[in-house]
Amino acid sequence: MFARYLILATADVLQRLSRFDAPADITLAQFQRENPKLGSRDRHQIANAAFAALRFWPLIQSWLGHSTTPTPANSRSNTAVDERLGLIALALDAQGLLTPPLTSEQHLEILQRAKSWDSAGMHHAWLDACMAKAQTFAAPLTSGLQHNLPEWLAQTLQAQYGDAAFGALAQSLKQTAPLDLRVNLLTHKRNVVLQQLAEQGIVCAATPYSPWGLRLQGKPSLRQNPLMQSGALEVQDEGSQLLALLTGAKRGETVVDFCAGAGGKTLALGAMMRNTGRLYALDNSAHRLDGLQPRLKRSGLNNVHTLVLQSETDERLARLRGKADRVLVDAPCSGLGTLRRHPELAWRNSLRSIEELQQTQRRILDSAASLLKPGGTLVYATCSLLEQENGAVNHVFTQANASSFTPFDWTATLEKHGLTNLQKPGHHAGVPNAIALLPHLHQTDGFYVAAWQKNH
Ligand SMILES: C[S@@+](CC[C@H](N)C(=O)[O-])C[C@H]1O[C@@H](n2cnc3c(N)ncnc32)[C@H](O)[C@@H]1O
């Protein structure tokens, strides 16, 4: 049973989220700043319910009688509808882990629960009408409705991965992601940190693939934890850790992290380089690079040089041209591999935005390639699941640079790190230089990594 203020607060958050004009965690943080009196339990409850609703957005829309495509018109404020939104989101979340397609029994249970919380009976008629239609909701006609994804995305993924793999992938995208940490091996040992966390009552285990990772049971708050504050630990999905690992950075090298953002991978690369050589963290967002500074201080790294780029062709890049042993392009992308954490991204992207991203990715990759010295390695990565941002970008670059870059063969690297079961994605013929991490196969976010070696 929830107090009405909690239902209304959840509805308020969802109303804001339904504009799909900002990342969900930013919208939530803004809501929390504007509602400082809410206790931490309530905040938690509201956030969980909001994310549950985002994972089942088309279902909620069909219950509310809206279209499945959010438009400014259907995100208009309307108190009765808002309250229903909050009620249903809380009921969905209370149902525990749900994976689509839901059975008609599951539909009924959620609606029944919502009805039992609607103590004033304001929404009974609507909930009864929904229950009468539960059978219809449980028999969706389209792939998008079945998997609670936008139609264009469901169809694109289905065509790309095939029916069986798409079904498993779509289900995995509705799970909540585990909380993974990366141990800073520059200053700490993984088994020692694991032991220290266990002594604090925090249950975790070594990650299956990354040699630096810990996977936590549940989501304990770590902000004030001395291990976080001292730089021994960083929150980082195992897939992100693997991406840094695959870059292969070594002591004494010159390494460029071209799209460093707040430096998640920069920090891992710096630790791989044992704080030697030169590591350049570049990004065109000063704000994001600013986020790296406190993390750098904690990390103990002093081989990192940051540079805010005007664009990917900033003329100051000239001094790095031909100098780098390795360049990582962790490209701006749709983020669709992270839907477990950011379900709103399914609704913030479109076929058109993917096309625009592809152009940017190609431009950045071309410019980043010029920084490599002969024999150097170029690594292109995204956290996207889409061929358009992955294999297609790989293919175009490989074709256009056939005389100066050779597609990298991952076999030895994967063997060295015991990663031979990482998947070789369905790649264009003659471009076998890519690997993919997928949530339903590797329990990581979805990542794509391709690499080339600059010819001598
Ligand atoms: C996927 S994020 C990087 C995440 C980061 N590597 C990490 O591990 O936390 C992509 C980054 O590319 C940056 N970016 C976008 N366009 C760019 C450009 N033209 N040149 C350089 N960086 C760019 C964005 O600001 C964003 O920080």
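Residues numbered from 1 in each chain as written. Predicted model: local features only at pLDDT ≥ 70, side-chain atom pairs only at ≥ 80, totals over all residues. Heavy atoms only, no water.

For the protein chain, the name recorded in an unreviewed UniProt entry is RsmB/NOP family class I SAM-dependent RNA methyltransferase, with Lampropedia puyangensis as its organism. Under the heading Sequence similarities (unreviewed entry), UniProt records this for the protein chain: "Belongs to the class I-like SAM-binding methyltransferase superfamily. RsmB/NOP family." (UniProt positions renumbered as here; feature names shortened; annotations may be inferred.)

Enquirer: So what's going on with the packing of aromatic side chains? Which residues, and what values?
Expert: Going through the model one piece at a time under the given rule, you end up with 5 aromatic pairs. Connected via pairs of aromatic rings, a cluster forms that spans Phe-20, Trp-57 and Trp-347. (Phe/Tyr/Trp six-rings, centres within 6.5 Å; stacked < 30°, edge-to-face > 60°.)

Enquirer: Got a sec to walk through the UniProt feature "binding site: S-adenosyl-L-methionine" (unreviewed entry) in the protein chain? Specific residues and values, please.
Expert: The sites that carry the UniProt feature "binding site: S-adenosyl-L-methionine" (unreviewed entry) are, in the present numbering, Asp-283 and Asp-330. In terms of the greatest pairwise C-alpha distance, the residues named above, spread along 48 residues, form a tight cluster of at most 10.3 Å across. Judged by its relative accessible area of 8%, Asp-283 is buried. Discounting residues that sit within four places of it in the chain, Asp-283 has contacts with Phe-258, Cys-259, Ala-260, Gly-261, Leu-289, Leu-307, Val-308 and Leu-309. Among the polar contacts listed, one links the side chain of Asp-283 to the backbone nitrogen of Ala-260, at a separation of 3.5 Å. With respect to the helices and strands, Asp-330 occurs in strand β8 (residues 324-330). Non-local contacts of Asp-330, meaning those with residues more than four positions away in its chain, are made with Leu-243, Cys-259, Lys-265 and Ala-381. (Buried < 20%, exposed > 50% of the residue type's maximum accessible area, 1.4 Å probe, protein only. Contact = heavy atoms within 4.5 Å. Polar contact = N/O pair within 3.5 Å; in protein donor to acceptor, adjacent residues only side chain to side chain. Helix = DSSP H or I, 4+ residues; strand = E, 2+ residues; numbered from the N terminus.)

Enquirer: Any chance you could break down the site of the ligand for me, citing the residues and the numbers?
Expert: Among the 15 residues in the neighbourhood of the ligand, the closest are listed as Lys-265, Asp-283, Arg-288, Glu-312 and Asp-330. Separating an oxygen atom of the ligand from a backbone N or O atom of Gly-264 is a distance of 3.4 Å. Here Lys-265 contributes a side-chain N or O atom positioned 2.9 Å from an oxygen atom of the ligand. If the ligand stood free it would expose 590 Å²; the protein chains cover 84% of that surface. Across the shell around the ligand, the residue classes tally to 6 nonpolar, 4 polar and 5 charged. (Near = heavy atom within 4 Å. Areas by Shrake-Rupley, 256 points an atom, 1.4 Å probe, with all protein chains shown as cover. Nonpolar A, V, L, I, M, F, W, Y, C, P; charged D, E, K, R; others polar.)

Enquirer: Just give me the short version of the pairing of strand β1 (residues 179-183), but keep the residues and values in it.
Expert: In terms of burial, β1 is largely enclosed, as 5 of its 5 residues are buried. Covered by surrounding structure in β1 are Leu-179, Leu-181 and Val-183 together with Asp-180 and Arg-182, the residues of both alternating faces. Looking at chain direction, β1 and strand β3 (residues 213-216) are connected through 4 bridges and run antiparallel. Pairing of Asp-180 across the sheet is with Arg-215, part of β3. Relative to strand β4 (residues 233-235), β1 runs antiparallel, the two sharing 3 bridges. In the sheet register, Val-183 faces β4, and the bridge partner there is Leu-233. (Pairing = 2+ DSSP bridges.)

Enquirer: Describe helix α7 (residues 124-132), with residues and values.
Expert: Buried within α7 are the following residues: Trp-126, Leu-127, Cys-130 and Met-131. End-on, the buried residues of α7 take up no more than an arc of 140 degrees, which puts them together on one face. Summarising the geometry of α7, the exposed residues directed more than 90 degrees from the buried face are Ala-125 and Ala-132. (Arc of directions from axis to C-beta.)

Enquirer: An account of unusual backbone geometry is needed here, citing residue identities and associated values.
Expert: Phi is positive for Asn-275, which is not a glycine, with a value near 60 degrees. Tracing the chain through its elements places Asn-275 in the loop between α15 (264-272) and β6 (278-283). One non-glycine residue, Gln-443, lies in the positive phi region at around 55 degrees. Along the polypeptide, Gln-443 turns up in the loop between α22 (439-442) and β12 (447-454). Judged by relative accessible area, which is 38%, Gln-443 ranks as partly exposed.

Enquirer: Which residues make up the domain arrangement of the protein chain, and what values do they have?
Expert: Its domain assignment divides the protein chain into domain 1 (4-140) and domain 2 (238-454). Averaged C-alpha coordinates put domain 1 and domain 2 at centres separated by 37 Å. Contacts between domain 1 and domain 2 engage 13 residues on the former and 7 residues on the latter. In this assembly, domain 1 packs against domain 2 so that about 850 Å² is buried in total across both faces, 64% of it on carbon and sulfur atoms. For the domain 1 face of the interface with domain 2, the top three residues by lost area are Phe-20, Leu-54 and Arg-55, together amounting to 44%. (Domains from an automatic or database assignment. Buried area = accessible area lost by both parts, 1.4 Å probe.)

Enquirer: Which residues make up the side chain of Arg-16, and what values go with them?
Expert: Mapped onto the elements, Arg-16 comes out in helix α1 (residues 4-17). Not counting chain neighbours up to four residues away, the residues in contact with Arg-16 comprise Asp-21, Thr-27, Gln-30, Phe-31 and Glu-34.

Enquirer: Talk me through the pairing of β6; I want residue IDs and the actual numbers.
Expert: With respect to burial, β6 is a largely interior element, 5 of its 6 residues being buried. In terms of strand pairing, strand β5 (residues 254-257) meets β6 through 4 bridges, oriented parallel. When the bridges of β6 are listed, Val-255 appears paired with Leu-279. Traced from β5 through α15 to β6, the parallel crossover comes out right-handed. With 5 bridges joining them, β6 and strand β7 (residues 304-308) adopt parallel strand pairing. Paired with Ala-281 across the two strands is Thr-306, which belongs to β7. (Right-handed = clockwise from strand over helix to strand, strands pointing away.)

Enquirer: Provide a residue-level description of the state of the cysteines, including the pertinent values.
Expert: Summed over the entire model, instances satisfying the criterion amount to 0 disulfides. Cysteine Cys-333 shares no disulfide, and the gap to the nearest cysteine sulfur, in Cys-383, comes to 3.5 Å. (Disulfide = S-S within 2.5 Å.)

Enquirer: Could you give an account of the sheet that holds β3, with specific residues and numbers?
Expert: Strand pairing in a sheet is mediated by backbone hydrogen bonds. Such pairs are either parallel or antiparallel. The 4 strands are arranged β2-β3-β1-β4 in an open sheet whose pairing can be described as antiparallel. The open sheet has two free edges, formed respectively by β2 (204-206) and β4, since each of these has just one partner strand. Going from strand to strand, the sheet's axes swing by 30 degrees on average, the running direction of each strand aside. (Axes fitted to C-alpha atoms, helices over the stretch in contact; angles between N-to-C directions.)

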